[in-house]
Structure formats: C-alpha cells, structure tokens
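# Structural overview for review
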Amino acid sequence: MPVTTHADPLAQRIVRLREAVAATGLRHLAVEVASGPDLVVALRALRPLDASVAVVGPTVTASALAELRPQAVLNVASGRIRPTGEDGRPTGAGQGGLWIFSSGTTGTPTPTYWPWPELTRGADWDTAHRDERWGIGYAPFTYAGVEAVSQALGRAAGIDFLTPTDLAAGTGARYDVVAGTPSFWRMAALHRGTDEARPRVHTVSMGGEPVDAQLLRLIESAFAPQRVLQFYASTELGRIATVSDGLPGLPLSVLDGYGPTGKALAVRDGELLLSPAPGAPYLPTGDEVAIHGGRLHILGRRGEVINVGGVKVVPGHVARLLRELPDVVAVRVYPVRSSVLGAVVGADVVTPPGADRDLVVQRVKAHARRVLAPAEQPRRVTVVDQLPMAPSGKAARGE
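Being a predicted model, the structure only gives us computed values, none of them experimental.

## Quick look at the overall build of the chain
Broken down by element type, the chain carries 10 helices and 23 strands. Within the chain, the fraction of its 399 residues that count as buried is 53%. Pairs at least 24 apart in sequence give 61% of the contacts found in the chain among residues at least 6 apart. Just so you have it, the chain exposes about 17700 Å², and 52% of that area is on carbon and sulfur atoms.

## A short note on the sheet that holds strand β15 (residues 264-268)
The antiparallel open sheet is built from 5 strands, whose spatial order is β14-β18-β17-β16-β15. This sheet does not close on itself; its edge strands, each paired only once, are β14 (250-251) and β15. By the bridge criterion, 6 bridges tie strand β17 (residues 283-292) to strand β18 (residues 295-301) in an arrangement that is antiparallel. Opposite His292, over in β18, you have Arg295 as the bridge partner.

## Focus: the confidence of the model for the chain
Summarising the model, the chain shows a mean pLDDT of 84, and 89% of its residues fall at 70 or more. Considering each helix and strand of the chain separately, the mean pLDDT is smallest for strand β1 (residues 3-5), with a value of 60, and largest for strand β10 (residues 174-180), with 94.

## Considering the pattern of salt bridges
Pairing between side chains of opposite charge can happen when their charged atoms approach one another. Applying the stated criterion to the full structure yields 11 salt bridges. Arg363 is paired through a salt bridge with Asp327; the nearest N and O atoms lie 2.7 Å apart. Remark: Asp327 occurs in the loop between α9 (315-322) and β21 (330-338) and Arg363 occurs in helix α10 (residues 357-371); sequence separation between them is 36 residues. Since its relative accessible area comes to 16%, Asp327 is described here as buried. With a closest N to O distance of 2.3 Å, Asp385 and Arg357 form a salt bridge.

## Regarding unusual backbone geometry
One non-glycine residue, Asp50, lies in the positive phi region at around 55°. A relative accessible area of 31% places Asp50 in the partly exposed class. Even without glycine at this site, Arg69 takes up a positive phi of about 50°. Owing to a relative accessible area of 30%, Arg69 belongs among the partly exposed residues under this scheme.

## Observations concerning the packing of helix α2 (residues 36-46) against helix α5 (residues 143-153)
Packing of α2 against α5 leaves a shortest axis separation of 11 Å and a crossing angle of 65°. Comparing the axis directions of α2 and α5 gives the class roughly perpendicular. Note on packing geometry: the crossing formed by α2 with α5 is right-handed. Contacts between α2 and α5 involve Leu39, Val40, Leu43 and Arg44 from the first element and Gly145, Val146, Val149 and Leu153 from the second. Of the residues belonging to the contact of α2 with α5, the class tally is 6 nonpolar, 1 polar and 1 charged.

## With respect to helix α8 (residues 213-223)
Those residues of α8 not exposed but buried are Gln214, Leu215, Leu216, Leu218, Ile219, Ala222 and Phe223. Where the residues of α8 are buried, they touch α6 (164-168), α7 (182-190), β11 (200-207) and β12 (227-234). Just downstream of α8, Ala224 is the residue with a positive phi angle, here 45°.

## Quick word on the nonpolar core
Membership of the largest hydrophobic core comes to 42 residues, with the highest contact counts inside it found for Val31, Val33, Leu46, Leu98, Ile136 and Val149. Looking at which element gives the most residues to this core, the answer is α2, with 7 residues. Look past the residues within four positions of Ile136 in its chain and what remains in contact with it is Ala148, Val149, Ala152, Ile159, Asp160, Phe161, Leu162 and Ala179. Met206, Ile219, Ala222 and Val228 belong to the second largest nonpolar core, which has 26 residues in total.

## As for the pairing of β15
Along a regular strand, successive side chains alternate from one face of the sheet to the other. Two strands pair when backbone bridges link them, and β15 and strand β16 (residues 271-275) are joined in this way by 5 bridges, in the antiparallel orientation. Each bridged residue has a counterpart across the sheet, and for Ala264 the counterpart in β16 is Ser275. As consecutive antiparallel partners, β15 and β16 are separated by 2 residues, and within that stretch Asp269 has a phi angle of approximately 55°, a positive value.

## Digging into empty space enclosed by the protein
Counting across every chain of the model gives 2 cavities of 30 Å³ or more. In this structure, the second largest cavity occupies an estimated 40 Å³ of space. Taken together, Val31, Val33, Leu39, Ala42, Leu43, Leu46, Val53, Val55, Leu98 and Trp116 make up the full set of residues lining the second largest cavity. Put simply, the parts of the chain that give the lining of the second largest cavity at least two residues each are α2 and β3 (52-56). The biggest single contributor to the lining of the second largest cavity is α2, with 4 residues. In the lining of the second largest cavity, the residues fall into 10 nonpolar, no polar and no charged.

## So, the packing of aromatic side chains
All chains considered together, the criterion is met by 4 aromatic pairs. Centre to centre, the rings of Phe184 and Trp185 are 5.5 Å apart; their planes meet at 85°, and the pair counts as edge-to-face. Note on accessibility: Phe184 and Trp185 belong to one class, buried. Ring pairing ties together the aromatic residues Phe184, Trp185 and Phe223, which thus form one cluster. Of note, Arg133 hangs over the ring of Tyr175, and the distance from its end group to the ring centre comes to 4.5 Å. Positioned above the aromatic ring of Phe231, the side-chain terminus of Arg239 is 3.8 Å from the ring centre.

The rules we used
Residues numbered from 1 in each chain as written. Predicted model: local features only at pLDDT ≥ 70, side-chain atom pairs only at ≥ 80, totals over all residues. Heavy atoms only, no water. Helix = DSSP H or I, 4+ residues; strand = E, 2+ residues; numbered from the N terminus. Buried < 20%, exposed > 50% of the residue type's maximum accessible area, 1.4 Å probe, protein only. Contact = heavy atoms within 4.5 Å. Areas by Shrake-Rupley, 256 points an atom, 1.4 Å probe, with all protein chains shown as cover. Pairing = 2+ DSSP bridges. pLDDT = per-residue confidence, 0-100. Salt bridge = Lys/Arg side-chain N within 4 Å of Asp/Glu carboxyl O. Axes fitted to C-alpha atoms, helices over the stretch in contact; angles between N-to-C directions. Parallel < 35°, antiparallel > 145°, perpendicular 65-115°, else oblique. Left-handed = near helix turned anticlockwise from the far one by under 90°. Nonpolar A, V, L, I, M, F, W, Y, C, P; charged D, E, K, R; others polar. Core = buried A, V, L, I, M, F, W, Y, C linked by side-chain atoms within 4.5 Å. 1 Å grid on protein atoms, 1.4 Å probe; cavity = no way out; pocket = protein on both sides within 12 Å on 5 of 7 lines; lining within 4 Å. Points joined across faces, edges and corners; volume = space filled by probe spheres on them. Phe/Tyr/Trp six-rings, centres within 6.5 Å; stacked < 30°, edge-to-face > 60°. Lys NZ or Arg CZ within 6 Å of the ring centre and 35° of its normal.

Next comes the structure, spelled out in structure tokens:
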C-alpha cells in the first residue's frame, strides 16, 4: 500500500524532532531516513534550524559517513540521537544544508553538499498554497528523492510514497505529479490494470536512467499522462537539462551552449562532457552517449562496459535495441563469466503477461543476430517476471 503523508499527521513528529535537536545544540548531524515520511519529517524539522545534515540510506558505508565527521547520528523513525564524539566540521560545507550521497549504482557513494536555499529553491513549506497530489517513487535518501520531496512540500496537499505496484494498483487514484526512475515507470506500466481501473496521472516525471521510445510508449498506454518530463541530473551538479517534448533522449540544442541551468554539455569520443558554469572547463560525466535520429541518447555509464574478448560492449546500447521487440517490456544486460572470452553478454527480459517464454527467447536471439555485432549478442537470455532494483530505485546491475 502507498504511504501517504499530509502536513497535519506529521506535525507532532516534526515539532518533537526540531525541539530535541535544538536542545542538544548540535549543528552537524547524520540523519537516517528509511522512508519518505521520515524524509519529510527531517527536512521540515531541521531546515528552520539551519543545520548541516547528511542524509543516510542503506548504501552509505560507515567509513564514507565518518569522513563527514557528524556530531551525532539521528534515526528519524525512533527519534534517537547517538553522539559520535566528532567535532562536526566537514570540509566544504557552509553554515547549513544537506549532504547527499550519490546512489553508488556504479561505484562507492560519495557526498555532495547542497545549501538549503539552493536545494529547496526558496520554497516556503509552511505558508505555500498546496492544492496538488503527488506520488513519489524515488528512494528518499537520493538526490532525486530529496529534490522531489522538497518541491512537493511547496505544492502538494498530500504525498503518496509509492512502489511501482502501488501506482499500478491505485484504482481511480488521481495525481497531479508522479516522480520516479525510468525503472520505476517501466515496472509500474507492466503491472497496470484495465483502462477503467488505472490511476490518472497528469504529469509523469522521471530521471536517473536513460529513457527510450519504448518506455515512453508504455507510459502513454498505461497512464495516458498529459505531460512527460525527463530530467538529466546528478547528485553533484543537480538538474542539468529538462526534456518535455515526449521524445526519447535529449534534443541536440542542449549542445548549443549554456542553458537555463547555467550548465553546458558537449560530446567527445562518445562521452558526455559538462561545464558547470560559464568559463568553467568541460569535465567528463562518465556517461556513454550516441547521436541518432537527431537526438542525443545516453547509453549508460562508461564504467559499465562488458569486455568480451577485448571488445567493449555497452549494456545500454544492447538493451535499447532488444527493447525494440514488442515481446520485450524491460531488459537487464549484464556480464556472464566465460573461461574463453573473459565475459559474454547475458540478458534478463520481462515480457507482457501471457507471452510464450520459449518463443520470446527465440525471438530475442534472432533479433540480436540481426541488429547487434557478434560480441554484443546475448549468449544467455532468461525470461523473468520482473527486474531486480537497487536500493536507489534504479535497475540493479551485475550478474
């Protein structure tokens, strides 16, 4: 079931937490958030104190957190505050704000500092006129989760924290905005009900992973939104580009110079580069990209390549082409160990309900032979009910 939060039911928790932290005089805290409501309580309790807060989720290791030297660890659900004995002076922080760790999907989670006004864009949560209903499928300890909740607090009368099956089963539910990763939306579309029973979503918002034409078709068929927003963003740099034209990938105009966010993108040797401000150098993002159909498509992280006998295979490229098949709803491409080549390509595929699994495997392999190079073709194809998801809400990687 979705976890719904409105201002009033959480008001007492917010006041108690704010008073407890204020009484300690602590200025730099690590805050454990296990749920969306925990994040709401933490943000609304600690922002007025202008505290420096490290948002902690299950992917953050003790050693990574120790580098921020928090004075205490606060568990929002229980309200317990555990002193650490540190002096609470992290390098690079201003007076108050949030430390948010990257998802760690492709490596070790690293923290980035965000001042309160910059992250919340000046939203006045206490006096804002709220008349919308939001659903949020992002993990609460990620940058996307924190930003989505922050914006919802300034606009929504109620927030539902959803899993993909929650959204799909939300008979008759109506949302102004639902935000989640592309993996969230793919699984929600897979589990949708009848047209009469499906939830009504005005605006679909997603980011954190590549978006292809097949996913956009799935979302249109399942939820018929009036608007689809795609965000290209990172924990370190925030929102970089926004796409609202209903097409996969980014328009090539994003390469024309510094856009509304004050950041500029460029492509070199198949990798996306970014300049964070006018005059700043272009730095590698680690994202593999390709230009086709007049659009800039993000294929995945450069470190995710599969080395097949010396040939570098990009999983995102393989997955995108396999998803061209109408029998394939979702794909996970990963390395399979090989004594001869070091690794070969494996693929887990999700099919529409009722599909003949053996026939789907045959069609996937035949399609792969037509559109992929020999090294890119999956040697193992498995039909699964759903894809595993990482704690961040993105598709899990690895074998």
